[in-house]
Amino acid sequence: MLDSKHLIKPVLAEINTVLDKVNEAEIDQAATLITKNKRIFVLGSGRSGFMAKSFAMRLMHIGYQVFVIGETITPSIQPHDVLVSVSGSGKTSSVLELTEKAAKNGVEIIAVSSNASSPLAKLAKQVIVVPGATKNGDGVESIQLLSSLFDQSVHIVLDILCLKLSIRDEVSNGAAKKQHSNME
């Protein structure tokens with residue numbers, strides 16, 4: 001039985017276990033697909049969608065033209081654009097169907113999933129495997145509910161990707177801050 005008064009250390013240990021299993025070379029390879037001369041689109045459902053939106057926001061802060069699939073102001077995706085699709089299982093039907101459509105249209109796909117052999121991963125030019133537990137039981141076992149461990153770990157991995165991009169592109173914290181919302 002879990003001790004509800006002492007959960008920080010076990011949760012952090014789970015996140016560290018997952019991050020220790022992430023292959024940083026996969027993050028580096030994904031970074032080669034994300035360039036300032038390409039439009040970047042993100043896609044996810046539920047909490048994975050929130051992680052994708054968080055990633056889009058951070059990309060905007062460091063100077064990328066980025067869109068969230070499903071938003072009313074998102075333009076049509078075109079060949080040579082990049083789509084970052086996030087799904088723990090790699091089987092979420094709404095994510096999978098739209099990613100398949102994008103792939104057929106010549107879009108470069110980056111899949112973020114806990115399952116390297118999932119249908120989503122098979123569509124991708126680059127896969128970032130984040131083996132955190134999902135609601136389907138994939139990945140590192142967790143004391144947390146549903147896909148919390150996957151979502152937490154994806155947030156960190158995608159922030160690391162943004163940090164790598166900002167270093168490569170020489171975007172300072174001050175420059176990123178200038179792109180931050182001033183309507184708060």
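Fair warning: this is a prediction, and the values are worked out from it, not measured in the lab.

Novice: Is there a simple way to explain the sheet that holds strand β3 (residues 82–86) in this structure?
Specialist: Across a sheet, strands are paired by hydrogen bonds formed along the backbone, either parallel or antiparallel in direction. Strand order in the open sheet formed by five strands is β2-β1-β3-β4-β5, and the pairing between neighbours is parallel. Among the strands making up the open sheet, the edge pair consists of β2 (66–68) and β5 (126–129). Strand-to-strand twist of the sheet, defined as the mean angle between neighbouring strand axes without regard to direction, takes the value 20°. Bridge count for strand β4 (residues 108–113) against β5 is four bridges, and the pairing is parallel. Looking across to β5, one finds that I110 is bridged to Q126. Along the sheet, helix α2 (residues 24–33) contacts β3, β4 and β5; its crossing angle with β5, the most-contacted strand, is approximately 145°. Helix α6 (residues 148–168) contacts β3, β4 and β5 of the sheet and is inclined by roughly 135° relative to β4.

Novice: Is there a simple way to explain the nonpolar core in this structure?
Specialist: The nonpolar side chains of a soluble globular protein tend to be buried with one another. Ranked by size, the top nonpolar core spans 39 residues in total, and within it I34, F55, L59, V84, I128, V130 and L161 carry the most contacts. Counting residues per element, the ones that place at least two in this core are α1 (8–21), α2, β1 (40–44), α3 (46–61), β2, β3, β4 and α6. Broken down by element, this core gets its largest block of residues, eight residues, from α6. By size, the runner-up hydrophobic cluster in this structure holds 16 residues, among which are F41, I77, V107 and V127.

Novice: Help me understand the side chain of S147 in this model?
Specialist: With respect to the helices and strands, S147 occurs in the loop between β5 and α6. Given a relative accessible area of 16%, S147 falls into the buried group. In this view, S147 contacts A133, T134 and K135; residues no more than four positions away in its chain are not counted.

Novice: What exactly am I supposed to notice about the pattern of salt bridges here?
Specialist: When the charged atoms of two side chains lie near each other, side chains of opposite charge can form a pair. Enumeration according to the criterion identifies eight salt bridges in this entry. Put simply, E108 and K38 hold a salt bridge, and the shortest N to O gap is 2.6 Å. Of this pair, E108 sits in strand β4 while K38 sits in the loop between α2 and β1, placing them 70 residues apart in sequence. Between D151 and R47 there is a salt bridge, with the nearest N and O atoms lying 2.9 Å from each other. Separated by 104 residues along the polypeptide, D151 in helix α6 and R47 in helix α3 bring together distant segments of the chain. Among the charged side chains, a salt-bridge network with shared partners connects E24, D28 and K164.

Novice: How should helix α4 (residues 93–104) be read in this particular structure?
Specialist: Across its 12 residues, α4 extends 16 Å between first and last C-alpha, which sits within 8% of the 16 Å expected from 1.5 Å per residue. V95, L96, T99 and A102 are the residues of α4 that are buried. End-on, the buried residues of α4 take up no more than an arc of 130°, which puts them together on one face. Among the exposed residues of α4, those oriented more than 90 degrees off its buried face are E97, K101 and K104. Contacts from the buried residues of α4 go to β1, β3, β4 and α5 (119–123). Two residues or fewer past α4, G106 is found with a positive phi of approximately 85°.

Rules used in this analysis
- Residues numbered from 1 in each chain as written.
- Predicted model: local features only at pLDDT ≥ 70, side-chain atom pairs only at ≥ 80, totals over all residues.
- Heavy atoms only, no water.
- Pairing = 2+ DSSP bridges.
- Helix = DSSP H or I, 4+ residues; strand = E, 2+ residues; numbered from the N terminus.
- Axes fitted to C-alpha atoms, helices over the stretch in contact; angles between N-to-C directions.
- Contact = heavy atoms within 4.5 Å.
- Core = buried A, V, L, I, M, F, W, Y, C linked by side-chain atoms within 4.5 Å.
- Buried < 20%, exposed > 50% of the residue type's maximum accessible area, 1.4 Å probe, protein only.
- Salt bridge = Lys/Arg side-chain N within 4 Å of Asp/Glu carboxyl O.
- Expected span 1.5 Å × (residues − 1).
- Arc of directions from axis to C-beta.

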